[in-house]
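Residue-level structural notes
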Amino acid sequence: MPVSQSAFCWPKFVLGNEFPGHNHVLIWLTLVLSVGPRIKVLSGKVFSLAVNVESPRKFPPPSVLVTISRKECLERCELATYAKHFRLLLRPLLPPKALKELHPPSPPLSLPLPTHEAPIFQEQHVRAALFSFAPTSAAGLFGYRPSLLQQCARTESFHFVSTLTRAVNVLASGNAPMFLQPFLAGGVSIALAKPNRGVRPLCCGDPLRRLVAKCFCLGGKGEISRGFKGKNFGVGCPGGVEAVAHSLRDVLLKYRNSELALLKIDFKNAFNLLNREAFVQATSKMFPGLEKWTWWCYNQPPLLVYNHENEFFSESGVQQGDPLGPLYFCCGLQSLIDQIAALQPVYQKWYMDDGGIVGSPELLLKVWEILKNGGVPLGLELNSKKCEWSWLNPDCNFWCALLMVFQ
């Protein structure tokens, strides 16, 4: 299949029937064409890192890295990032059953009709959101890439952007025809095998749907940041990972000799199992302007096409490929975070579905019960195999207070 005809459908072109086995040369050529000119400069180095999966190249030890230039150090970090993504693409493509198991069937939704008005986006908002797409951003079910919309905006800027803005506002207000919903709110999906025998699902939604979501993200970033400030650092907080890591380090040092403990939380398949009624209603309460658009996208199951051959509907959870997905998930989880905050733990920080709580053993037992029992109506189940209990005092030899639960 010629690259010019199918490059926009990268899941099939790279990982579909046209590639039996692992043909490193063809995959490399396709990636060079899709990633852009920057990667061509590093082509030989990145390829040597990407294909040598069993024995990856080792960089010099820290003592040597201190003596190299900043530019070379950044280049090596960039090479490691590219190699990680390339190794992911070299993983085998799993059968459709693996992806369907991550999207279990759910009963039909009974969402109340939206009552709040949606914001009206101006041309400058739509233009900024449109050109925030990366040049290599992929296509959805209809096969056109965001770069096509960008080219139209550059060529016919006086007419195209105004027309596109009207279309965005129609969608944002929930007035688009419902027969378009399964396709515009759907996406192209694949599932790759993780090294630990897990499943890595990937989904790319329609560019128009993603454009509307980006308009909400850009237009409401101030309100979103205020809504989750100090509660969940996975949305509306640039550098949220660093903020969580540094604050946790400070708490561990401050209470090093105490009898407190740290409870790290993880949920099973959280994004795909979160109850849609729960997060839609929570989002409408926290951000009323999103109500109509959220209702339009999730009132009925959107269509997912696996490897351009198998179709099924996404009936539960936050859909992958939606720029608003992290916000929806954090809205659905916020009720549990508020209940834990009422217990006044020494420390509580969340990044999406990963949480860390510091407190006395008695308090952490209450936290566990809140998450265990309160998560059921939300469709969330604690993953006890990945949850961790740690005493802040390194000399403490007590047993974990949740030992029986973890077992």
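This report concerns the structure included in the present document. All figures in this text were calculated on a predicted structure; none of them were measured in a lab.

What the protein contains, in helices and strands, is 21 helices and eight strands. Taken across its 407 residues, the protein has 44% of its residues classed as buried. Taking the contacts inside the protein whose residues are at least 6 apart along the sequence as the reference set, 74% of them involve residues at least 24 apart. A total of about 21100 Å² of accessible surface is found on the protein, and carbon and sulfur atoms cover 59% of it.

What follows concerns the pattern of salt bridges. Here the structure, examined in full by the defined rule, presents five salt bridges. Glu117 serves as the salt-bridge partner of Lys292, at 3.6 Å between the closest nitrogen and oxygen. Taken as a pair, Lys292 in helix H18 (residues 291-298) and Glu117 in the loop between helix H8 (96-102) and helix H9 (123-130) lie far apart in primary sequence, 175 residues in all. Residue classification places Lys292 among the buried residues on the basis of a relative accessible area of 16%. Asp250 is paired through a salt bridge with Arg249; the nearest N and O atoms lie 3.6 Å apart. For Asp250, a relative accessible area of 43% gives the class partly exposed.

With that out of the way, let us pick up the sheet that holds strand E6 (residues 347-351). As summarised here, the arrangement of the four strands in space is E6-E7-E3-E8, forming an open sheet in which the pairing is antiparallel. The sheet terminates laterally at E6 and strand E8 (388-391), the two strands that pair on one side only. Along the sheet, successive strands turn relative to each other by an average axial angle of 10°, direction set aside. Sheet topology note: the E6/strand E7 (residues 354-359) ladder contains five bridges and is antiparallel. Bridging across to E7, Tyr347 finds its partner in Val358. Helix H15 (residues 240-254) contacts strand E3 (261-265), E6 and E7 of the sheet and is inclined by roughly 160° relative to E6. Its contacts with the sheet put helix H19 (residues 325-341) on E6 and E7, and the angle it makes with E6 is roughly 170°.

Across the two faces of strand E4 (residues 303-306) the burial is the same, with Leu303 and Val305 and Leu304 and Tyr306 all buried. In the sheet, strand E1 (residues 187-193) pairs with E4 via three bridges, with the strands oriented parallel. Bridging across to E4, Gly187 finds its partner in Leu304. Sheet analysis places E4 next to strand E5 (residues 310-313), joined by four bridges and oriented antiparallel. Directly across from Leu304, in E5, lies its bridge partner Phe312.

An α-helical segment advances 3.6 residues per turn. Residues three or four places apart therefore align on the same side. The end-to-end C-alpha distance of H19 is 24 Å, a good match for the 24 Å that 17 residues give at a rise of 1.5 Å each. Along its length, H19 reaches its greatest deviation from straightness, about 40°, at Gln334. H19 sits mainly inside the fold: 12 of its 17 residues count as buried. Regarding H19, the residues found buried are Gly325, Leu327, Tyr328, Phe329, Cys330, Cys331, Gly332, Leu333, Gln334, Leu336, Ile337 and Ile340.

Scoring rules and cut-offs
- Every chain begins its residue count from 1, and numbering advances along the sequence as written.
- Per-residue local features are limited, in this predicted model, to residues with pLDDT of at least 70; the limit for side-chain atom pairs, both in listing and counting, is 80 or more; totals at the level of whole chains, interfaces and linings are taken over all residues.
- Values reported for side chains reflect all heavy atoms of the structure, with hydrogen atoms and water molecules removed beforehand.
- Each helix is a run of H or I in the DSSP string that is no shorter than four residues. Each strand is a run of E no shorter than two, and both are numbered from the N terminus.
- Here the term buried applies to any residue with accessible area under 20% of the maximum for its type, exposed to any over 50%, and partly exposed to those in between, with areas from a 1.4 Å probe on protein chains only.
- Pairs of residues are marked as contacts when any of their non-hydrogen atoms sit within 4.5 Å.
- Here, Shrake-Rupley sampling with a 1.4 Å probe gives the accessible areas, and only protein chains in the shown set may cover a residue.
- Should a side-chain nitrogen of Lys or Arg be within 4 Å of a carboxyl oxygen of Asp or Glu, the pair is scored as a salt bridge.
- When DSSP finds at least two bridges between two strands, those strands are taken to pair.
- All axes are obtained by fitting lines to C-alpha atoms, using only the stretch in contact for helices, and the reported angles, taken between N-to-C directions, cover 0 to 180 degrees.
- Working rule for helices: expected span equals 1.5 Å times residues minus one.
- Think of it this way: the bend at a residue is just the angle between two axes, each fitted to seven residues, one set ending at that residue and the other starting at it.

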